[in-house]
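Read off the chains here:
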Amino acid sequence: MCRVFLLNTLLIIYFNLYCLNKGLSCGIRKGSPVHEKIIGGYDVGYYKYAWFASLMSNHEVVCGASLISLKTLLTAAHCFKSYFKNIINGDMKIEKIFKIRMGTHNNCKKQTDQKHFRCSKIYIHENYFEEMPYFDIALINIVGEATNFIPVCLPSTELNSASRGREGLIHGFGRIYPKNDTIPCQLQEARLLIFSDYKCRSMLERNEHNGSELQHAFCAGYLDGRVDACLGDSGGPFVVVNEKGLYVQQGTIISIAFLA
């Protein structure tokens, strides 16, 4: 089961103003229709999600991210969690942890669209440290601009259980089998059902979590677990297709197993 963290209203306002000022397009996918098929997912097969990025360390994919403006990416705060102690002690700069890779749909081949960016500034949500796992969100500013890429759209208003929709898409380079370290060559994508807040809280309670604390988050996936996000997919986008055919990010991926 995948728990997805919502985008806060401040971020939505920031994105809309930036796009309005810069005249940017957003959420336009390259190529032909989406596959219906991460764990249980399908190969994307070609480069079509121009907003998708990978956080790289030692040439390995650690987390996903999404381009939301020409200089800014959205990811999960917990992608940096294992480095917090070294950062606080002054042994490491948070901006030096990852390089950003974009334009890749195949880890095993060099691609002409591929580009790497350095991080210039990273913002961890101020409430993340006190209310983990909620507010698990971070912004990354890059050196230069990702001018050859298209940002994903963000919602124009804050969403709730009724307005969220019934299904969405995830994509990432995370493990494709939960019990081994197999990393796919091809970018994977999958459709996930979106559960109501009531159902999400019920699943949290059955798995010894406090459902009443659910905030800025929703649950998506399948009760039988046949399709899901896994290690390496964290921070990647959960998107829906709006009435104009544009891809709109509703949250970032946090993969948590639930027993239905």
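About the criteria used
Residues numbered from 1 in each chain as written. Predicted model: local features only at pLDDT ≥ 70, side-chain atom pairs only at ≥ 80, totals over all residues. Heavy atoms only, no water. Pairing = 2+ DSSP bridges. Helix = DSSP H or I, 4+ residues; strand = E, 2+ residues; numbered from the N terminus. Axes fitted to C-alpha atoms, helices over the stretch in contact; angles between N-to-C directions. Salt bridge = Lys/Arg side-chain N within 4 Å of Asp/Glu carboxyl O. Buried < 20%, exposed > 50% of the residue type's maximum accessible area, 1.4 Å probe, protein only. Disulfide = S-S within 2.5 Å.

(A) Summary view of the sheet that holds strand S8 (residues 119–124). Ordered by their spatial adjacency, seven strands build an open sheet running S7-S6-S3-S4-S5-S9-S8, and the pairing between neighbours is antiparallel. Edge strands, defined here as strands with exactly one partner in the open sheet, are strand S7 (115–117) and S8. This sheet shows a mean twist of 35° between the axes of neighbouring strands, independent of strand direction. Bridge analysis of strand S6 (residues 99–102) against S7 gives three bridges, and the strand direction is antiparallel. In the strand pairing of S7, Met102 is matched with Lys115.

(B) The pattern of salt bridges, seen in detail. In the structure shown here, the tally under the stated rule is two salt bridges. Lys48 is the salt-bridge partner of Glu189, the closest N and O atoms lying 3.4 Å from each other. A residue pair is termed long-range when its members are at least 10 positions apart, and Glu189 in strand S11 (residues 188–194) and Lys48 in the loop between strand S2 (42–43) and strand S3 (52–57) qualify at 141 residues. Residue Lys48 is classed as buried on the basis of its relative accessible area, which comes to 1%. Arg191 is the salt-bridge partner of Glu167, the closest N and O atoms lying 3.2 Å from each other. Here the residue Glu167 occupies a position in strand S10 (residues 167–172), and Arg191 occupies one in strand S11, the gap between them amounting to 24 residues.

(C) Region of the structure containing the state of the cysteines. Overall, the coordinates contain four disulfides when judged by the stated rule. Each sulfur of the disulfide joining Cys26 and Cys153 lies 2.0 Å from the other. Across the S-S bond linking Cys26 and Cys153, the dihedral sits near 95°, which makes this disulfide right-handed. Of the two residues, Cys26 and Cys153, both sit in the buried class. Numbered by order of appearance in the sequence, the disulfide-linked cysteines of the protein chain pair as 1-5, 2-3, 4-6, 7-8.

Just geometry here; none of it tells us what the structure is for.
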